[in-house]
Amino acid sequence: MSRIVLTAASRIGCVRSNNEDMVLAYNQFVRSDAYETEFMTENCDRFAIALADGMGGHNAGEVASEDTLVNLKFFISDLPMGLNPDEFHLMINEWLKSINQIINSKGTEDESLREMGTTLVGVLYYNRRYYWINCGDSRLYRLRQGHLTQLTIDHSLINPHSAKQHCSIVTNCIGAGCKTSYIDFYDMTEDIQPDDAYLLCSDGLNDMISDEAIEGLMNKQSSANALCEAAIAEGGFDNVSTCIFHIYPSN
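Residues take numbers from 1 onward in each chain, read along the sequence in its written order. Two thresholds apply to this predicted model, a pLDDT of at least 70 for residue-level local features and 80 or more for giving and counting side-chain atom pairs, whereas whole-chain, interface and lining totals are computed over all residues. Only hydrogens and water are set aside when side-chain values are computed; all heavy atoms of the structure are taken into account.

Enquirer: Just to check I follow, could you spell out unusual backbone geometry for this structure?
Expert: In terms of backbone geometry, most residues other than glycine have negative phi values and most peptide bonds are trans. The phi dihedral of asparagine 127 is positive, around 55°, even though this residue is not glycine. Note on placement: asparagine 127 falls in the loop between β7 (120-126) and β8 (129-135). Burial status follows relative accessibility: with a 1.4 Å probe on protein chains alone, a residue under 20% of its type maximum counts as buried, one over 50% as exposed, and anything between as partly exposed. Under the relative-accessibility criterion, asparagine 127 is labelled partly exposed at 34%. Going along the chain from the N terminus, every DSSP run of H or I of four or more residues is numbered as a helix, and every run of E of two or more is numbered as a strand.

Enquirer: Please clarify how the sheet that holds strand β9 (residues 139-144) should be interpreted in this entry.
Expert: Backbone-to-backbone hydrogen bonds pair the strands of a sheet. The strands run either parallel or antiparallel. Being paired, for any two strands, means DSSP has found at least two bridges between them. Pairing within the open sheet is antiparallel, and its 6 strands lie in the order β4-β1-β16-β15-β9-β10. The two strands at the open ends of the sheet, each matched to only one other strand, are β4 (33-40) and β10 (147-150). Here the average twist between neighbouring strands, direction ignored, is 15°. Relative to β10, β9 runs antiparallel, the two being bridged by 4 bridges. Bridge assignment links arginine 144 to a residue of β10, and that residue is histidine 147. We call two residues in contact when some of their heavy atoms are within 4.5 Å. Between N-to-C directions, angles span 0 to 180 degrees; the directions come from axes that are lines fitted to C-alpha atoms, helices contributing only their stretch in contact. Against the sheet, helix α4 (residues 211-219) contacts β9, β10, β15 (197-201) and β16 (240-249), and its axis sits at roughly 55° relative to β9.

Enquirer: In this structure, what is going on with the pairing of β16? I would like to understand it.
Expert: Side chains on a regular strand alternate between the two faces of the sheet. Burial analysis of β16 places 7 of its 10 residues in the buried class, which makes it a mostly covered element. Here strand β1 (residues 2-11) pairs with β16 via 10 bridges, running antiparallel. Looking across to β16, one finds that alanine 9 is bridged to threonine 242. Relative to β16, β15 runs antiparallel, the two sharing 5 bridges. Residue pairing across strands places alanine 197 opposite histidine 246, the latter belonging to β16.

Enquirer: Hey, could you run me through the layout of surface pockets in this one?
Expert: By rolling a water-sized probe across the atoms, one finds the places where empty space is left. Cavities and pockets were defined on a 1 Å grid built from protein atoms only: a cavity is a group of points that admits a 1.4 Å probe but offers it no way out, a pocket is an open group of points flanked by protein on both sides within 12 Å along at least five of seven lines, and a lining residue is one with an atom within 4 Å of any such point. Grid points are joined across faces, edges and corners, and a volume is the space filled by probe spheres set on the points. Taken as a whole, the second largest pocket spans an internal volume of roughly 330 Å³. Around the second largest pocket, the lining is made up of 17 residues, and of these Ala197, Met218, Gln221, His246 and Tyr248 lie nearest the centre. Mapped by element, the contributors of at least two residues to the lining of the second largest pocket are β1, β9, α4 and β16. Under the convention adopted here, Pro, Cys and the residues Ala, Val, Leu, Ile, Met, Phe, Trp and Tyr are nonpolar, Asp, Glu, Lys and Arg are charged, and Gly plus all remaining residues are polar. The residue makeup of the lining of the second largest pocket, split by class, is 7 nonpolar, 8 polar and 2 charged.

Enquirer: Got a minute to help me understand the nonpolar core in this structure?
Expert: Inside soluble globular proteins, nonpolar side chains tend to come together where they are buried. In this structure, Leu72, Phe88 and Leu120 are the most contacted members of the largest nonpolar core, which totals 30 residues. If you list the elements that add at least two residues to this core, you get β2 (21-25), β5 (46-55), α1 (60-78), α2 (85-109), β7 and β8. When residues no more than four places from it in sequence are discounted, the contact partners of leucine 72 are Ala48, Ala50, Trp95, Leu120 and Leu124. Within this scheme, the nonpolar core is defined by two criteria: the residues are buried Ala, Val, Leu, Ile, Met, Phe, Trp, Tyr or Cys, and they are joined through side-chain atoms within 4.5 Å. If you look at the next biggest cluster of nonpolar residues, it comprises 24 residues, including Ile4, Tyr26, Phe39 and Val121.

What follows is the structure, encoded as structure tokens:
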């Protein structure tokens with residue numbers, strides 16, 4: 001059994017008029033707010049820590065990110081007990097097909113939600129095992145012995161025609177008209193070490209500050225909100241959301 005210590009924050013930034021990001025921090029949805037908690041895994045048999053970065057203009061992106069995280073939370077809570085990792089992986093793939101269809105259908109039926117979509121990155125705990133999942137260009141990092149490593153691969157391409165230094169094109173996401181969305185899935189249980197810290201973030205963080213700067217802040221034990229503040233101080237061109245958590249062995 002383990003103790004989870006977590007901070008989460010989601011901020012609107014300096015340019016956007018609304019916040020399309022959202023964080024699912026165990027049992028709390030976080031948008032335009034900061035949150036912290038800690039809990040024991042012996043008191044729960046499954047949970048999700050996840051982040052979604054919505055896209056689509058107007059309010060559509062925030063609808064896609066919220067719908068996806070709410071759906072994910074209920075999906076995890078409704079899973080039957082005793083699935084092995086391969087069975088759990090199959091269930092995640094089936095869930096992706098379902099939520100992708102839901103988001104695309106809403107965009108077809110309501111003009112104001114047309115082509116809305118969202119990224120998704122998260123860590124799932126089920127049957128005493130930890131898994132990370134990723135669809136899009138939001139990221140999962142690990143800080144181990146002071147060194148920051150990106151664990152996920154961005155599903156995106158750099159846009160060579162953009163004047164913006166960090167502008168990229170998302171090639172895989174939930175919704176946005178994607179018919180063949182896919183999700184990266186990894187059983188991370190055996191890789192976890194006691195002093196590791198994990199960071200989920202939207203590209204509003206890593207587009208504004210470098211991995212070296214993120215590493216420095218995390219080595220200072222900065223909170224999720226402090227990382228958001230650092231991105232906003234550099235211009236905050238996008239919404240910025242982060243979630244930092246530690247998995248400590250219980251004594």
